[in-house]
Amino acid sequence: MSDYLRPKNLLLAELTTSSFRRLVPKFDQVELYYNHNLFKPGDRIRHVYFPESGIVSLLSAVGINATVEVGIVGNEGMIGIPVFLGLKTSNLLAVVQGAGTSLRMTAANLIKECASSDELPKILRRFTHSLMTQISQSTACNRFHPIDTRLARWLLMTQDLMKSSEFQITQEFLTNMLGVRREAVNKAANSFQQRDLISYSRGNLLILDRPGIEAAACSCYRAIADQKDVD
Amino acid sequence: MTVLTNNNDALGNQLLAALPSRDFGRIQPYLEPVSLDLGVVLYESGDPLEFVYFPTTAIVSLLYIMENGATAEIGVVGNDGILGIAIFMGGGTTPNRAIIQSAGKAFRMSVINLKAEFGIGGKFHDLLLRYTQAFITQISQTAVCNRLHSVEQQLCRWLLLSHDRLNSDKLVMTHDLISNMLGVRREGITLAAQKLGGKGLILNLRGTITVIDRHGLESAACECYKVVNDEYQRLLGKSIAKNNGL
């Protein structure tokens, strides 16, 4: 288990030490496995997650196969906001995009805790607001920005949140994130390889030229990165 | 903006109408009726908010402003909800521009009173959080709709969401304004609107769009409309779709 005096999840770190200590028995620590679905649209949300490392992607879906990423959450947030807002099921798909570990609490315990004191709700309200800003940004980005710039933005955010320039990724994953056809993803990724921005083989992607990718990314990257810093 | 003198019809806002009468009675003194004109910007991106609004007949469009000044609508708020989520979520300011898309009435409440009432907990607090979830669903769905669906489908979705929040079948709206809302070139909107008109779904006259065939519009729309509507149904326990949708 993590060091109880200093939780790795930044939302939990805002709690007073005694508040966090009181919550510790209600958490269990779990592995976040790459590509694992935490919950799908329509699922009842049984647990909420406070990631310590790794990242979770939130996707909005149309039908079964068409999705677009609307948010990325790492150790700066919580997965399972609908529970906090008073609902039982999810509308979004939450899938692990970067492996790591997370503290996990049952939905019932979160509700209980939020009813007993305003300390955690206040923290979660602020996070909800920043998540809404991120989703709004994605909405606008998907309206205006071509796939190259969106891919670049996505690479930067993943690198920031994983704190590593190397990470696992499948083409299928990228297709789901970006909401484009496989051919378009291949074309964009190949173009980035040819420009020596990334190197990609056998499911492993390595960021080679960070400044080059920043130059290629749309302005949404800066807007979202700043938003996460504020928290 | 005109401040009106009677607030008997605050119950025209469905969030307020969903409150138990005792809870509504407690906040009613703080509700001030106002009249909102088409095109008025209620607040700009980054402005500190002074009021929250509960529209009854007005419809507000929330636009996200890109760095280069281009705008894309991320959601609409009408008699289904509240404008000013940033206030009780702790943000204080919003990155969006709120602009009146359809003229009408609303009730406004000062930030101080809203925060006080929200802080009491209870039904008002719970309803505002649930509305936030419905709104998150709306903006998430808009994201995927923007990515995957044709301009014609998006126009249908947009028309349906507006129609649900209007008291009539006639939308006072230019293609130019819709173009700003959807972030699509005006020519694209005109083309899509002509197609919908050709199918007998709407009547396109200068400066207005009239919904002729509601069911037809719902069939022509992408599923995004239903997702958003279902979410509000979850929230309010009943559909806000005109004619109860299909």
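We now turn to the structure provided with this report. Just so it is clear, the structure is predicted and the values come from calculations on it, not from any experiment.

Conventions and cut-offs
Each chain carries its own residue numbering, running from 1 in the written order of its sequence. As they are written, the chains are lettered A onward and the ligands numbered 1 onward, keeping that order. The model is predicted, so local features are restricted to residues of pLDDT at least 70 and side-chain atom pairs to those at 80 or more, both for listing and for counting; the totals for chains, interfaces and linings are taken over all residues. Side-chain metrics rest on all non-hydrogen atoms present in the structure, leaving aside hydrogens and water. Take the buried residues of types Ala, Val, Leu, Ile, Met, Phe, Trp, Tyr and Cys, join any two whose side-chain atoms come within 4.5 Å, and each joined set is a nonpolar core. Buried residues are those whose accessible area, probed at 1.4 Å on protein chains only, stays under 20% of the maximum for their type, while exposed residues exceed 50% and partly exposed ones sit between those limits. Only DSSP runs of H or I covering at least 4 residues are called helices, and only runs of E covering at least 2 are called strands; the numbering of each starts at the N terminus. Two residues qualify as a contact provided that any one of their heavy atoms is within 4.5 Å of a heavy atom in the partner residue. By buried area we mean how much accessible surface two parts lose on assembly, using a 1.4 Å probe and totalling the loss over both. Any Lys or Arg side-chain nitrogen located within 4 Å of an Asp or Glu carboxyl oxygen qualifies as a salt bridge. A 3.5 Å cut-off defines polar contacts: any pair of N or O atoms within that distance qualifies, except that in protein one atom must be a possible hydrogen donor and the other a possible acceptor, and neighbouring residues in sequence count only when both atoms are side-chain atoms. Note that Gly is not counted as nonpolar here; it falls among the polar residues with everything else outside the nonpolar set of Ala, Val, Leu, Ile, Met, Phe, Trp, Tyr, Cys and Pro and the charged set of Asp, Glu, Lys and Arg. Only when DSSP finds a minimum of two bridges between them are two strands counted as paired. Two rings from Phe, Tyr or Trp (for Trp, the six-membered ring) form a pair when their centres sit within 6.5 Å of each other. Planes less than 30 degrees apart are called stacked, planes more than 60 degrees apart edge-to-face, and all others tilted. Only Lys NZ and Arg CZ are tested; either one counts as a charge over a ring when it is within 6 Å of the ring centre and within 35 degrees of the ring normal.

1. A word on the nonpolar core
Among the nonpolar cores identified, the biggest contains 131 residues, and F50(A) and L110(A) are the most heavily contacted of them. Broken down by element, this core gets its largest block of residues, 12 residues, from helix α5 (residues 122–148) of chain B. In this structure L110(A) touches V48(A), F50(A), M78(A), V83(A), F84(A), M105(A), L120(A) and L124(A), once residues within four positions along its chain are discounted.

2. A few points about the interface of chain A and chain B
Counting from both sides, the interface comprises 40 residues of chain A and, opposite them, 44 residues of chain B. At the boundary of chain A with chain B, total buried surface from both sides reaches about 3300 Å², with 64% on carbon and sulfur atoms. The interface formed by chain A and chain B holds 0 salt bridges in total. Between the two partners, chain A and chain B, sit 12 residue pairs in polar contact (both at pLDDT 80 or more). Elements that contribute at least two residues to the side of chain A that touches chain B include exactly β4 (55–62), β5 (66–73), α2 (81–84), α4 (119–144) and α9 (220–230) of chain A. Here the side of chain A that touches chain B gets 16 residues from one element, more than from any other, and that element is α4(A). Among the residues forming the side of chain A that touches chain B, the class breakdown is 19 nonpolar, 17 polar and 4 charged.

3. What about the pattern of salt bridges?
Under the definition given, this model contains 19 salt bridges over all chains. Between D28(A) and R104(A) there is a salt bridge whose closest N-O contact spans 3.2 Å. You can see D28(A) sitting in strand β1 (residues 28–32) and its partner R104(A) sitting in strand β7 (residues 100–106), a full 76 residues away along the chain. On the accessibility criterion, D28(A) (31% relative accessible area) is partly exposed. A salt bridge links E117(B) to R26(B); its shortest N-O distance comes to 2.9 Å. Pair noted here: E117(B) is in helix α4 (residues 111–119) and R26(B) is in helix α2 (residues 21–27), with a separation of 91 residues, a long-range link. On the basis of relative accessibility, which here comes to 5%, the residue E117(B) falls in the buried class. The class of R26(B) is partly exposed, set by a relative accessible area of 33%.

4. Concerning the pairing of strand β6 (residues 71–77) of chain B
The side chains of a regular strand alternate, residue by residue, between the two faces of the sheet. Residue and element names in this part refer to chain B. In terms of residue burial, β6 counts as a mostly covered element, since 7 of its 7 residues are buried. Where strand β5 (residues 59–65) and β6 come together, 6 bridges link them in antiparallel fashion. Bridged to V60 within β6 is V77. Here β5 folds back onto β6, and the loop between the two strands holds 5 residues, one of which, G69, carries a positive phi near 95°.

5. Things to note about the packing of aromatic side chains
We describe a pair of aromatic rings using the distance from one ring centre to the other and the angle between the two ring planes. Residues and elements named next belong to chain B. Evaluated as defined, the whole model comprises 8 aromatic pairs over all chains. Between F54 and F124 the ring centres are 6.5 Å apart and the planes differ by 40°, which places this aromatic pair in the tilted class. Of this pair, F54 sits in strand β4 (residues 51–55) while F124 is found in helix α5, placing the two residues 70 residues apart along the sequence. Its relative accessible area of 0% is what places F54 among the buried residues. The residue whose ring lies beneath R108 is F51, and the NZ or CZ to ring-centre distance is 3.9 Å. The ring of Y232 is capped by R165, whose NZ or CZ atom sits 5.2 Å from the centre of that ring.

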